[in-house]
Amino acid sequence: MAILIVGGAGYIGSHNVRALWDAGRDVIVVDNLSTGHAQSLRDGVKLHMVDIRDEKSLDAVFGKEKIDAVLHFAALSLVGQSMIQPLDYMDNNVTGMIKLLTVMQKHGVDKIVFSSTAAVYGDAETIPIPETATLNPTNPYGESKLAMERIMRWASEAYGMRYAVLRYFNVAGAWEGGIIGEDHRPESHLVPIILQVALGKRPEIKIFGDDYPTKDGTCVRDYLHVMDLVDAHLLALEHLENGGDSFICNLGNGMGFTVQEMINAAREVTGHPIPAVSAARRSGDPAKLVASSQEAQRILGWHPQNDIRQIIESAWTWHKKHPNGYLD
């Protein structure tokens, strides 16, 4: 039986595809390639170029393949863009989830691991943030992910589906040796943008807001290596395959780093001065997002293995080898 990875040609999805393939699993990918890259998939992985909102085409994939479980990564995910295109985000993310669950239910597929986000919490009152924190998104992206979580809950009640909701914080880094890595167009994530400055592809890094209530005025985020994230997904899938109950957990290091601290760490790794300038805050950005990952430790036995320097070093290896991403 195959594992279907929806959004499997994207950054996080492709790393999960490769890890599952290397573990000897049969892997099928569905991706409309709106933001993903077919080049990220290793030879032998079957790709269906389908938008999950296209129920008829998605149904055909389930009818053709023998699918046992789903890993769901397909979503629009830019906070700033979601503030000016909220309906697009609700359509793509929420409608996509409804269509996917509809087809899963029709074909008797009852296990799903879902890529959620810390954005469901908004401006949390407690740091590190536990899963019991108030859910109050400050942007349409977070709102769409929260809606998707709730839809899964009701699908579980009605149809007996079991789900694992993994709420990420900030993910960075790349596969060992720079085989695959992060390539968004346009790039919006902090670590690759910093490294683009080191590569001479940008003149400077903009720091959006230097007046937050933090140690140096810049936003605090919890950064996790993509391979630690992959490990959590594989453990979550194993949990469901072994008959485990549905659950929700955070994934993070539990340590917050400011934007300025990340820039300083990248300067040390790359040996480049990486000029930085201050800019206005971005709408919808909380001051601090740091995870409590105790639930992931309790349920899955999961512990992140990589620190900030390892995250940046692996990303730097990828970007040096592929300065133009998958266009190289």
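Above this text is the structure in question.
Residues numbered from 1 in each chain as written. Predicted model: local features only at pLDDT ≥ 70, side-chain atom pairs only at ≥ 80, totals over all residues. Heavy atoms only, no water.

Caption draft 1: Structural detail: the environment of Asn 32. Within the element layout of this structure, Asn 32 appears in the loop between strand E2 (26–30) and strand E3 (46–48). In this structure the C-alpha to C-alpha distance between Asn 32 and Pro 304, which are 272 residues apart in sequence, comes to 31 Å. Setting aside chain neighbours within four positions, we find Asn 32 in contact with Val 50 and Asp 51. In terms of polar contacts, Asn 32 uses its side chain to reach the side chain of Ser 34, at 2.9 Å. (Helix = DSSP H or I, 4+ residues; strand = E, 2+ residues; numbered from the N terminus. Contact = heavy atoms within 4.5 Å. Polar contact = N/O pair within 3.5 Å; in protein donor to acceptor, adjacent residues only side chain to side chain.)

Caption draft 2: Spotlight on the environment of Arg 298. For Arg 298, the position within the fold is in helix H9 (residues 294–300). Here the alpha-carbon distance between Arg 298 and Cys 249, two residues 49 residues apart in the chain, equals 9.8 Å. Within the structure, Arg 298 has its side chain in polar contact with the side chain of Glu 295 (distance 2.8 Å).

Caption draft 3: Molecular detail of the pattern of salt bridges. All told, the structure shown has 16 salt bridges when counted by the stated rule. The partner of Glu 241 in a salt bridge is Arg 25, with the nearest N and O atoms 2.6 Å apart. In this pair, Glu 241 is assigned in helix H7 (residues 226–241) and Arg 25 in the loop between helix H1 (11–22) and E2, connecting sequence segments 216 residues apart. What makes Glu 241 partly exposed here is its relative accessible area of 30%. Arg 25 gets classed as partly exposed once you look at its relative accessible area, which sits at 27%. (Salt bridge = Lys/Arg side-chain N within 4 Å of Asp/Glu carboxyl O. Buried < 20%, exposed > 50% of the residue type's maximum accessible area, 1.4 Å probe, protein only.)

Caption draft 4: Structural detail: the packing of helix H6 (residues 190–198) against helix H10 (residues 308–321). In the contact formed by H6 and H10, the axes pass within 10 Å of each other and the chain directions differ by 55°. Viewed along their axes, H6 and H10 adopt a mutual orientation that is oblique. Where H6 crosses over H10, the two elements pack in a sense that is right-handed. Listed contacts from H10 to Val 191, Pro 192, Leu 195 and Ala 198 of H6 are Ile 312, Ala 315, Trp 316 and His 319. (Axes fitted to C-alpha atoms, helices over the stretch in contact; angles between N-to-C directions. Parallel < 35°, antiparallel > 145°, perpendicular 65-115°, else oblique. Left-handed = near helix turned anticlockwise from the far one by under 90°.)

Caption draft 5: Helix H2 (residues 55–64), seen in detail. Considered for burial, the residues of H2 that qualify are Leu 58, Asp 59, Val 61 and Phe 62. The arc enclosing the buried residues of H2, seen along the axis, measures out at 155°, which places them on a common side. Residues of H2 that are exposed and point over 90 degrees away from its buried face: Lys 56, Gly 63 and Lys 64. Where H2 is buried, its residues contact strand E1 (2–6), E2, E3, strand E4 (67–72) and helix H4 (86–106). (Arc of directions from axis to C-beta.)

Caption draft 6: A look at the side chain of Asn 92. Tracing the backbone shows Asn 92 in helix H4. Of the residues examined, Asn 92 reaches a relative accessible area of 15% and is grouped as buried.

Caption draft 7: Structural view of the packing of H1 against H7. The interhelical angle for the contact between H1 and H7, taken along N-to-C directions, is 60°, at an axis separation of 9 Å. Judged by the angle between their axes, H1 and H7 are oblique. Relative to H7, the crossing made by H1 is right-handed. Along the contact surface, H1 presents Tyr 11, Ile 12, His 15, Asn 16, Ala 19 and Leu 20, while H7 presents Val 226, Met 227, Leu 229, Val 230, His 233, Leu 234 and Leu 237. Partitioned by chemical class, the residues of the contact of H1 with H7 number 10 nonpolar, 3 polar and no charged. (Nonpolar A, V, L, I, M, F, W, Y, C, P; charged D, E, K, R; others polar.)

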